[in-house]
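Each chain is listed here by its residues.
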Amino acid sequence: MEYSYDSNTTVFINGGYNYRRGVVRADLGEALQDYGNYFAQVRLDGKRIFAQMYLNGIKDDSEESLLYRTGLTNISNNVTYQAQFQYDWPIIEDKWELNLGTELQFLRSDTKGTVHGRFEGNDNYDVLSGYLQSNYQLNRNLDLLVAARLDRFSAIDETTISPRAGLIFNLAPQQTLRVTYNRAVSSPSALFLFGDIPFGQAPVFNIQFMGGIQPIMFSDPLITQSFIPGVGSYSGTGIPLAIPFGISAALLADSFPAEFINYLNSKLPEVNGVSDGLMTINGNAITNLPERDKIRSTKTNAFELGYKGIFGNKLSVGLDIYYNLKSDLIFSAPATPLVVYPNLDDDLVSVVNSVTTDEELAAYGLDQQTLGAIIGDIARGLAENPLGLVSPEVQFGGELPTFIVTPSNTGEVEYFGADLFFQYYFNNRLSAFANYSWLSQNYFTDSEIGLPGSGQVYALNTPENRIRIGIDRIPDERGWIYGLSLRYQDAMQVQSGTIYAGRLDAYTVVDGSVGYDFGNGFRLNMTGQNLLNNEYRVMPRMPKIGRFVMLKATVEL
């Protein structure tokens, strides 16, 4: 409903409900959503005042809303309340204007313990903000824009200030040049803060996603939880050699007489020392533990030089060159290093030789060289896979060790980029366009993000090179409508959590559309994406996309 009080003041009242059931790509994998969304809004637009209040909510009581990778129900009854107010103050008419505003946001969640787990009941998320913007015309060809925003994030106990400044030069009619600096702040999502979700199970450990509201710290000395049944845990990452020695004796029981096995077991008290372990994350050796305090907001400092111009009322050109420095980037990664033992075979053979002699072994038809070869084969088999994980101080129940995936903040990444745009108008109905986007870097190793030895990586998940060219035709009143475009993007390395990770191949896609506007309110249009059926993926481990064609009829009465 819309009500106009006068020519300058309008009140809008809006509300709605939507139900959807379908498969979506969530942060933790494919999920089935089976719930309703509702919203309500009241907005006031005045000559100098803007104000609104609204709420967005999810009503989710279905036992069928689940994460496919676990099969567990995930209920999300969330309501967001938001209020905004802005006043535009023209200090000097047509020369200097101030914009003052405030924004309040309150998120309330009820997941029945299925998403927020141990944090249920302590997961309120409030954001209180205020801002000031000044736009001053220095002269008819130069404008100065300065602004600042203050945000208070209650859940992470953080207050941030975001400044902004810009100069806009009017070089000539229909040509502008701008130079801007902007600091933006993005807070972590409620899931990344309060998530506490069983995420799956490997043969020898459970997998748990845990939000970043709880710190990840490790004890001193470290505690390694063994994957070998019955072993439990031991101090440090070095495995006591008595453990694989005892396992070897047990495995030989089916091939050797009991007297020999009893002999080996009698040597067990003499077996001392450890085999040094190597900590790994994502298969990479690490030297620094992935400890972290609770996660923080992400900060982006952006410097931009932009140009936009129109030549001869035919050619439109745009160019943006930017530099971004991002800090405290948030990404999901393992927080529990797996421990491998690359020297286990040599260490175990050495200890066997130290507690046995050829004379003793001769009674069983063996010698140290033969027994060493047998024990070495067993040790190499054990060491083919990780034998344990380094457990942080946070505890989980269950018989198996828990492998934790959690959001973390990186150090810093910096990169340059550019966007170039052309559009040529043959007439007021037909045009051709070309876009090109470039990034200096889109994938960063642990050293490049300031966390050497951690095994962590960060990806922008955007290709370094993207191109799109094509033509568009739109009729004035009636006639043919058509368009044709070609899209290309580079191959790239993607890292989106622990699931959607890997390499994406480059691809080229042709899209098109054709239709007819009959001029009487009836329009018929057919669009086709990937007309050549060049199958491609937009994320690793997701289905390939082929040709898609849709016919659409529109009637306006």
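Check the entry above for the structure.
The notes below deal with the structure included here. Remember, it's a predicted structure, so these values are computed and weren't measured experimentally.

**Quick word on the overall build of the chain**
Here is step 1 of the chain: In terms of regular secondary structure, the chain is built from six helices and 37 strands.
Here is step 2 of the chain: Taking 557 residues into account, the globule formula puts the C-alpha radius of gyration at 24 Å, and the chain, at 32 Å, lies well above it.
Here is step 3 of the chain: Principal-axis analysis of the C-alpha atoms places the extent of the chain at approximately 105 × 50 × 50 Å.
Here is step 4 of the chain: Residues classed as buried in the chain amount to 41% of the 557 residues present.
Here is step 5 of the chain: Taking the contacts inside the chain whose residues are at least 6 apart along the sequence as the reference set, 61% of them involve residues at least 24 apart.
Here is step 6 of the chain: Surface summary for the chain: the accessible area is close to 29,000 Å², and the carbon and sulfur share equals 54%.

**Let's talk about the packing of helix α2 (residues 242–251) against helix α4 (residues 344–355)**
Here is step 1 of the chain: Where α2 contacts α4, the axes come no closer than 10 Å and their chain directions differ by 80°. Overall, the two elements α2 and α4 adopt an arrangement that is roughly perpendicular. Of the residues in α4, those in contact with Pro244, Phe245 and Ser248 of α2 are Leu344, Leu348, Val352 and Val355.
Here is step 2 of the chain: Looking at side-chain class alone, the contact of α2 with α4 contains six nonpolar, one polar and no charged residues.

**Describing the packing of aromatic side chains**
Here is step 1 of the chain: Applying the stated criterion across every chain, the model contains 18 aromatic pairs.
Here is step 2 of the chain: Judged by centre distance (5.4 Å) and plane angle (40°), the ring pair of Phe205 and Phe403 falls under tilted. Highlighted residues: Phe205 in the loop between β13 (196–201) and β14 (206–210) and Phe403 in strand β26 (residues 402–409), separated in sequence by 198 residues.
Here is step 3 of the chain: Accessibility expressed as a relative area gives 12% for Phe403, which makes it buried.

**Quick notes on the sheet that holds β13**
Here is step 1 of the chain: An order of β13-β14-β26-β23 is seen for the four strands of this open sheet, with the pairing classed as mixed. Looking at strand neighbours, the two that pair on one side only are β13 and β23 (330–334), the edges of this open sheet. Taken pair by pair, the neighbouring strands of this sheet meet at an average axis angle of 25°, ignoring direction.
Here is step 2 of the chain: Alignment of β13 against β14, held across five bridges, turns out to be antiparallel. Paired with Gly200 across the strands is Ile207, a residue of β14.

**A word on the packing of α2 against helix α6 (residues 368–382)**
Here is step 1 of the chain: Viewed as axis vectors pointing N to C, α2 and α6 meet at an angle of 115°, and their least axial separation amounts to 10 Å. Between α2 and α6, the angle falls in the class roughly perpendicular. Like other packed secondary-structure pairs, α2 and α6 cross with a definite hand, here right-handed. For the pair formed by α2 and α6, the contact residues are Pro244, Ile247, Ser248 and Leu251 on the first element and Ile375, Ile378 and Leu382 on the second.
Here is step 2 of the chain: Residue composition of the contact of α2 with α6, by class: six nonpolar, one polar and no charged.

**What about α4?**
Here is step 1 of the chain: The terminal C-alpha atoms of α4 lie 17 Å apart, and with 12 residues this matches the ideal 16 Å at 1.5 Å per residue to within 8%.
Here is step 2 of the chain: For α4, the set of buried residues is Leu344, Asp345, Leu348, Val351, Val352 and Val355. Buried residues of α4, seen end-on, are gathered within an arc of 135° and therefore sit on one face of the element. Of the exposed residues in α4, the ones pointing more than 90 degrees away from its buried face are Asp346 and Ser354.
Here is step 3 of the chain: On the buried face of α4, the contacting elements are β17 (239–240), α2, α3 (258–266), β18 (274–275), α5 (358–362) and α6.

**Some details on the sheet that holds strand β25 (residues 388–390)**
Here is step 1 of the chain: Spatial strand order, β16-β15-β25-β24-β19-β20: six strands in an open sheet with antiparallel pairing. Here the strands that pair on one side only, and so sit at the sheet edges, are β16 (233–235) and β20 (284–285).
Here is step 2 of the chain: Where strand β15 (residues 223–226) meets β25, three bridges bridge the pair, whose relative direction is antiparallel. Counterpart to Thr224 in the pairing with β25 is Val390.

**Quick notes on the nonpolar core**
Here is step 1 of the chain: One finds Tyr125, Leu193, Phe194, Ile239, Phe260, Leu264 and Leu344 to be the most contacted residues of the largest nonpolar core, which totals 76 residues.
Here is step 2 of the chain: In this structure, Phe194 is in contact with Val115, His116, Phe119, Asn122, Asp123, Asn124, Tyr125, Ala155, Gly211 and Ile213, ignoring residues within four places of it in sequence.

**Thoughts on the pattern of salt bridges**
Here is step 1 of the chain: Counting across every chain of the model gives 21 salt bridges.
Here is step 2 of the chain: In this structure, Lys267 and Glu360 form a salt bridge, with 3.3 Å as the shortest nitrogen-oxygen distance. One end of the pair, Lys267, is in the loop between α3 and β18; the other, Glu360, is in helix α5, with 93 residues separating them in the sequence.
Here is step 3 of the chain: Relative accessible area serves as the criterion here: at 9%, Lys267 is assigned to the buried category.
Here is step 4 of the chain: Judged by its relative accessible area of 31%, Glu360 is partly exposed.
Here is step 5 of the chain: Each of Glu158, Arg296, Lys299 and Asp328 takes part in one network of salt bridges that share partners.

**Things to note about the side chain of Ser431**
Here is step 1 of the chain: Along the chain, Ser431 falls in strand β28 (residues 430–439).
Here is step 2 of the chain: A relative accessible area of 7% means that Ser431 is categorised as buried.
Here is step 3 of the chain: Separated by 3.1 Å, the side chains of Ser431 and Gln423 make a polar contact.
Here is step 4 of the chain: Setting aside residues up to four positions removed in sequence, Ser431 forms contacts with Gln423, Tyr424, Tyr425, Phe426, Gly470, Ile471 and Asp472.

**Focus on the pairing of strand β32 (residues 479–489)**
Here is step 1 of the chain: Here strand β31 (residues 465–473) pairs with β32 via eight bridges, running antiparallel. If you follow Asp472 over to β32, its bridge partner there is Gly483.
Here is step 2 of the chain: Counting the residues between successive antiparallel strands, the hairpin from β31 to β32 contains five residues.
Here is step 3 of the chain: When β32 meets strand β35 (residues 507–517), the two strands line up antiparallel, connected through 11 bridges.

**What to know about the environment of Phe311**
Here is step 1 of the chain: As for its position among the elements, Phe311 is in strand β21 (residues 298–311).
Here is step 2 of the chain: Taking the C-alpha atoms as reference points, Phe311 and Gln174, separated by 137 residues in sequence, lie 8.0 Å from one another.
Here is step 3 of the chain: Residues in contact with Phe311, not counting those within four places in the same chain, are Gln175 and Val317.

**A short note on the layout of surface pockets**
Here is step 1 of the chain: Estimates place the volume of the largest pocket at around 860 Å³.
Here is step 2 of the chain: Every residue lining the largest pocket is counted, 42 residues in all, and those nearest its centre are Ile58, Ser76, Asn78, Ala190 and Leu191.
Here is step 3 of the chain: Across the lining of the largest pocket, the residue classes tally to 19 nonpolar, 17 polar and six charged.
Here is step 4 of the chain: Estimates place the volume of the second largest pocket at around 500 Å³.
Here is step 5 of the chain: Together, 21 residues line the second largest pocket, and Phe192, Ile330, Phe331, Tyr458 and Ser496 are the ones closest to its centre.
Here is step 6 of the chain: Those elements that place two or more of their residues in the lining of the second largest pocket are β2 (9–26), β23, β30 (458–459) and β33 (492–496).
Here is step 7 of the chain: Ranked by the residues each element gives to the lining of the second largest pocket, the list is headed by β23, at three residues.

What counts, and where the lines are drawn
- Residues numbered from 1 in each chain as written.
- Predicted model: local features only at pLDDT ≥ 70, side-chain atom pairs only at ≥ 80, totals over all residues.
- Heavy atoms only, no water.
- Helix = DSSP H or I, 4+ residues; strand = E, 2+ residues; numbered from the N terminus.
- Rg over C-alpha atoms; globule rule 2.2 N^0.38 Å.
- Buried < 20%, exposed > 50% of the residue type's maximum accessible area, 1.4 Å probe, protein only.
- Contact = heavy atoms within 4.5 Å.
- Areas by Shrake-Rupley, 256 points an atom, 1.4 Å probe, with all protein chains shown as cover.
- Axes fitted to C-alpha atoms, helices over the stretch in contact; angles between N-to-C directions.
- Parallel < 35°, antiparallel > 145°, perpendicular 65-115°, else oblique.
- Nonpolar A, V, L, I, M, F, W, Y, C, P; charged D, E, K, R; others polar.
- Phe/Tyr/Trp six-rings, centres within 6.5 Å; stacked < 30°, edge-to-face > 60°.
- Pairing = 2+ DSSP bridges.
- Left-handed = near helix turned anticlockwise from the far one by under 90°.
- Expected span 1.5 Å × (residues − 1).
- Arc of directions from axis to C-beta.
- Core = buried A, V, L, I, M, F, W, Y, C linked by side-chain atoms within 4.5 Å.
- Salt bridge = Lys/Arg side-chain N within 4 Å of Asp/Glu carboxyl O.
- Polar contact = N/O pair within 3.5 Å; in protein donor to acceptor, adjacent residues only side chain to side chain.
- 1 Å grid on protein atoms, 1.4 Å probe; cavity = no way out; pocket = protein on both sides within 12 Å on 5 of 7 lines; lining within 4 Å.
- Points joined across faces, edges and corners; volume = space filled by probe spheres on them.

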